Each structure stands twice: as structure tokens, then as C-alpha cells.
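Take a look at the letters that make up each chain.
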Amino acid sequence: MLRTLLFLLACLSGTGAALAGQSLQAWIDAVPAGSVLRLPAGLYAGPATIDKPLVLDGNHEAVIDGGGRGTVLTVRADGVTLRGLTIRGSGDSHDALDGGIMAEGRALLIEDNVIEDVLFGISLHNTHHSTVRGNRIRSRGADPADRGDGLRLWYSTHNRIEGNDIARVRDLTVSNSPRNRFSGNTVRESRRALNFLFAHRSLVQDNLFEHNSAGVVALNSDGLLVRRNHILHAVEAGGACIALKEISAALVQDNEIVHCAHGIMADSPTNPLNRVVFAGNLIAHNVTGIHFYGVRGGHIAVDNTFRGNLWPVTIVGDGDPLNDTWWGNAWDNYEGFDLDGDGRGDRPHEIYTYADRIWLETPQATFFRSSPVLELLDFLERLAPFSAPNLILRDTAPRML
């Protein structure tokens, strides 16, 4: 033990880079709890475990390589900081959640690290009141289903996930983890940018999600707040910028939702007294702007802007779609005037379904959407309807573009 301490002190005080490939665990074991361990530049061998409070700082010059075994760095203590490290070379077991960092504890800070060539990026299991900030995370594997999650929260609460650059991972998964904040992150070229399951009272704000199969997907996550995000280019079949299912209440506000298969997908609130509210969003250049299904009402859409969508709104399912509230939205296909100059159309904006009911009621016909035959049929039915069209929404005070 004495020789280990002398070796450590010599490296910390001196002059040279760390020996290539030396064990990181020996450095961790040699310092007392509460220490600040600044690693000299060099390569360190993992896996390693931190089981006491300390600061591990790589100054952007220390590389920890797991050698393809397990998780590179495991934290099992409160009050640990990981900063300025390059972490790489995890194992490849999905069952064992092999990855860059597996953390459990309270008041953790994981910031400014590069995590690459790993299966899972950062996993927080039973982690509370901690911060993951400014990290660059990449998984491995070409197919998204073969990658691991870039970030995984499990039974973790009151954490802040801020300003991370995440790309080419599977998902960001938040399971049984309420009251977490996700702000200022970028997620690209992955499957789901954020995947919530039983993650009540989550806040998602000021993020950029682009070129993913889906943006924000939430299931059984009540009290969700999604605001001021840019969610772009989720154009795979069934892809959605925002998808909400079996949620009691949510607010989707001031987002830019552009170029997705579905801009927003949502069923009705699980609690008939609650509402799912969409306010102030730009919904543009999507195949379908908003798609409500299993309709029992309970949606409120206020002051949104619909521009360049192939279908602005589609609604399928039982119930009366007019139980939803539409007010003050701007529609690029509104056919009316503002003679009194109050910025609102003088007559309501109404959307009916004509021949487009075919693909809504018969999903197999979706393949033929926008085909010349279906477009012609829709045009003829609008001229001389074969049957009474269905009114699916009425905006009583449409905002003028």
C-alpha cells in the first residue's frame, strides 16, 4: 500500500504522462474518500469501480479503455464527479447492459466526457438529484436495434440531463423514473430520441432531435411538459415527432415540429377530467400534422400554426371528434377573410373527410395515399359527394397567417 501511494504521489506531482494501460482501479483504491484525483495524460485499463465519494478528472487527456469487457466505469457511491474523461471499449452484452458508465447514487456529476465505442452510454440506476451534462455519447453497430441506449434512467428521480451531444445510439430510455429534466440536448441518427415509460412529471425543453426514427415517445407518463424543442425529420413509416399514449395530462407547447411522418400522434387522456394540450407549436411539412386515434375527446389545440402538411389533421376511432377544442390556430388552407381586422377569420375553419376516409378506415389503403387515383376520387367527391362527409374539427376563431 505504501509503495502504491508513493507511486501515485510521484505521478500527481511530476512530470510525465501516465504509463500506458495501467490499471485505473489501482489509482482509485489508492486515494481516500473525498479526494480529487486528477489523472495524468495517458491510457488506463478498465473496468473499474468507484465505491466512495471522489472527483475523477481526466482533463480531456486521460483515456479509460474497458478492453471489451463489461462496463468500463461503475459508480456505487454518493457525491462522485466524473469529468474530462474519454471512456471506450465496453463489452457487448445487452442483457448485462455493458456500457461506458453505470452509476448508482445521489448527487453525482457526470460532465464533459467523451463516451465512444461502447454499447450503452450512461446508465443511471436508482440515481437521484444528479446531473449529466455536456457529454458526447456514441454507441456502436450499424443497425439501431443492435446498439445500446445512449442514456438510460431506471428508478431514478430529480436528475438533470443537460447539453449532451448524443448520436447513433438506440434510444434514450426513461423507465419508472419521474421528475427528471431534459434540456438543451441534441439527439441525432438514432431510433427514439426520448422514450418515456412511467416517467411522470418529466420536463423536455430546448432540445434538438433530428433524423431519428421518432422524437418524443411517451407511454403512461402523466404530467409531461414538452416545450421549445426542435423535432425534425422523423420520416420513417409510422415515425412521429411526438407520440403520446395512455397519458392522463400533458402540455406540448412552442415546439417546432417539421418534416415527420406524423407531427403529433395522441390518443385521448386516460382520465376524462384531464386534458392533453397543444399550444403555440409550428407543425409544418409533415405527412400528417396531427393524428388523434381512439377518440374520446380531451384534446385542446390553441394557437398552433399548420403549414405545408399533406393532411393537417386526421382523426380515427370511436366517439365524437368535436369533443376536442380547437381555437386560434393558423391554417394555410383556410378559406375565409378577416373583414374586421382582429387577426381572426370571420368564419370557423372546418375540416371534413371525403375519400381520404378510405385509408383512415382501411389501413391497407395507406399505401395508395397521394396516388393519382385517390387524389382524383377525393377531388370528385368534394365536387359532388357520394355520401355526407364527416366533420372532424371546427376551429371557431382561426388565426390569419
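What counts as what
- Residues numbered from 1 in each chain as written.
- Predicted model: local features only at pLDDT ≥ 70, side-chain atom pairs only at ≥ 80, totals over all residues.
- Heavy atoms only, no water.
- Disulfide = S-S within 2.5 Å.
- Helix = DSSP H or I, 4+ residues; strand = E, 2+ residues; numbered from the N terminus.
- Buried < 20%, exposed > 50% of the residue type's maximum accessible area, 1.4 Å probe, protein only.
- Pairing = 2+ DSSP bridges.
- Axes fitted to C-alpha atoms, helices over the stretch in contact; angles between N-to-C directions.

1. A short note on the state of the cysteines
Think of a disulfide as a covalent bridge from one cysteine sulfur atom to another cysteine sulfur atom. Taken as a whole and judged by the stated rule, the model has one disulfide. A disulfide bridge connects C241 with C260, and the sulfur atoms are separated by 2.0 Å. The chirality of the disulfide connecting C241 with C260 is right-handed, given an S-S dihedral of about 65 degrees. With C241 in strand 26 (residues 240-245) and C260 in the loop between strand 28 (256-258) and strand 29 (262-266), this residue pair connects regions lying 19 residues apart in the sequence. Of the two residues, C241 and C260, both sit in the buried class.

2. Structural notes on the sheet that holds strand 14 (residues 151-154)
Ordered in space as 4-6-8-11-14-17-20-23-26-29-32-35, the twelve strands form an open sheet in which the pairing is parallel. The sheet is open, and its two edges are formed by strand 4 (48-50) and strand 35 (311-316), each paired on a single side. Adjacent strand axes in the sheet meet at a mean angle of 10 degrees when their direction is disregarded. Pairing between strand 20 (residues 192-197) and strand 23 (residues 214-219): five bridges, direction parallel. In the strand pairing of strand 23, F196 is matched with A218.

3. With respect to the pairing of strand 26
Most of strand 26 sits out of view: five of its six residues are buried. Where strand 26 lies against strand 29, four bridges are found, and the strand directions are parallel. Following the sheet pairing, A243 is matched in strand 29 by M265.

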